[in-house]
Structure formats: C-alpha cells, structure tokens
Amino acid sequence: MKKITLLFALALISYVGVNAQAKKQLNLGLIGASYEIPVSSAITVAPTAFTTFELNYFTLGVKSNYYFDELVGLSSPWDFYAGLNLGFGIAMNSDYSSDLDLGAQIGGRWFWNEKWGVYLELGGGKLAGSSGEGGLLGGAGVTLVL
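How each quantity is defined
- Along every chain, residues carry numbers that run from 1 in the direction the sequence is written.
- Only residues with pLDDT of at least 70 are given local features in this predicted model, and only at 80 or more are side-chain atom pairs given and counted; all residues enter the totals for whole chains, interfaces and linings.
- Remark: hydrogens and water are excluded; side-chain values derive from all non-hydrogen atoms of the structure.
- Only one rule defines a salt bridge in this text: a Lys or Arg side-chain nitrogen within 4 Å of an Asp or Glu carboxyl oxygen.
- Going along the chain from the N terminus, every DSSP run of H or I of four or more residues is numbered as a helix, and every run of E of two or more is numbered as a strand.
- Three labels apply to residues, based on accessible area from a 1.4 Å probe with only protein chains included: buried if under 20% of the type maximum, exposed if over 50%, partly exposed otherwise in between.
- A residue's pLDDT is the predictor's confidence in that residue, given on a scale from 0 to 100.
- The contact criterion used throughout is that any non-hydrogen atoms of two residues lie within 4.5 Å.

Draft legend 1. Layout of the pattern of salt bridges. Counting across every chain of the model gives three salt bridges. Close ionic contact of Glu36 with Arg109 constitutes a salt bridge, the shortest N to O distance being 2.9 Å. Of the two residues, Glu36 is situated in strand β2 (residues 32-38) and Arg109 in strand β6 (residues 99-111); the sequence distance between them amounts to 73 residues. By the burial criterion, Glu36 is buried, and Arg109 matches it. In this structure, the salt-bridge partner of Arg109 is Asp79, at a minimum N-O distance of 3.3 Å. Remark: Asp79 occurs in strand β5 (residues 78-91) and Arg109 occurs in strand β6; sequence separation between them is 30 residues. Taken as a pair, Arg109 and Asp79 share a single burial class, namely buried. Salt bridges here are not isolated pairs; linked through shared partners, they connect Glu36, Asp79 and Arg109.

In structure tokens, the structure reads:
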C-alpha cells in the first residue's frame, strides 16, 4: 500500500510543474482508465487503473508518456506516444498472487474535434502473478480533453 501511495504522490507532485499551454486528458478504455497530467508540452504523468482481458488482475499505478508529435511533425488531430508504467497488480483469484507491475506502452490517438478523440494502445511487461511471465496488454477507448 505504501508503494501505491508513493506512486500517486509522485504523480501529484509532478502536477506542480505543469506547462500552462498543455491540456489534461481523461482516457476511458475497454480495460482501464487514466487521467493524464502534462509535465511539459511533450510529457505526461497519469494515475491509472486497469485490468487484463481475463479479469484476473486489477492494477493501480502511474504511467508516463512522451509525445512524439513535434519530433516527427505529426499534424494536430493525431498523437503518437510511448512510455513506461509502474503499479501494483491485485490478484482477483487465488491462482495468482498480487505483485509489482512494470511495463511499457506505445499508442496513438486521433481527435475528431477539440474535446473528443479515440485511442489505441499496446503495452507489455511483467504482469503480476505466480508464474512471473511477461504479457501483452492493450487498450482502446475514448479521450476527453479537460
């Protein structure tokens, strides 16, 4: 529990250095949700909660993304990003154990207007569980610019 509290505290501390021109975003997906807080024009930190498609874990954590839009000259309605995530996976059945989750993600987003968009994200890393094996996570959903 202390690890989770530390992760969220770090995310909130990062909020202090927010770039005034960047915007916060709420991502609601099929297997998770996150609230992106800009640290700079190209970097966000987000408290996040997600599960696996099998619904055998529920993970609370924080992720950070770097947006490559300016670097690759991507036009305004598109976003391309990659980042790292850290959380604590809580086992939802007795076949597995709760454990620290470490991973990475890559994704893209398209906005159909100034407030709404859709995203697709793939990620992998160490999933919690007694096997200790890594796995592939994915997510798709909508983004609301706040």
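Still more to cover.
Draft legend 2. Just the confidence of the model for the protein, in detail. Overall, the prediction assigns the protein a mean pLDDT of 79, with 76% of residues at 70 or greater. Overall, residues 12-21 carries pLDDT values under 50, and its contacts beyond four positions in sequence, including any with other chains, amount to twelve contacts. Here residues 127-134 is modelled with pLDDT under 50, and outside its nearest four sequence neighbours on either side it reaches 20 contacts, counting other chains as well.

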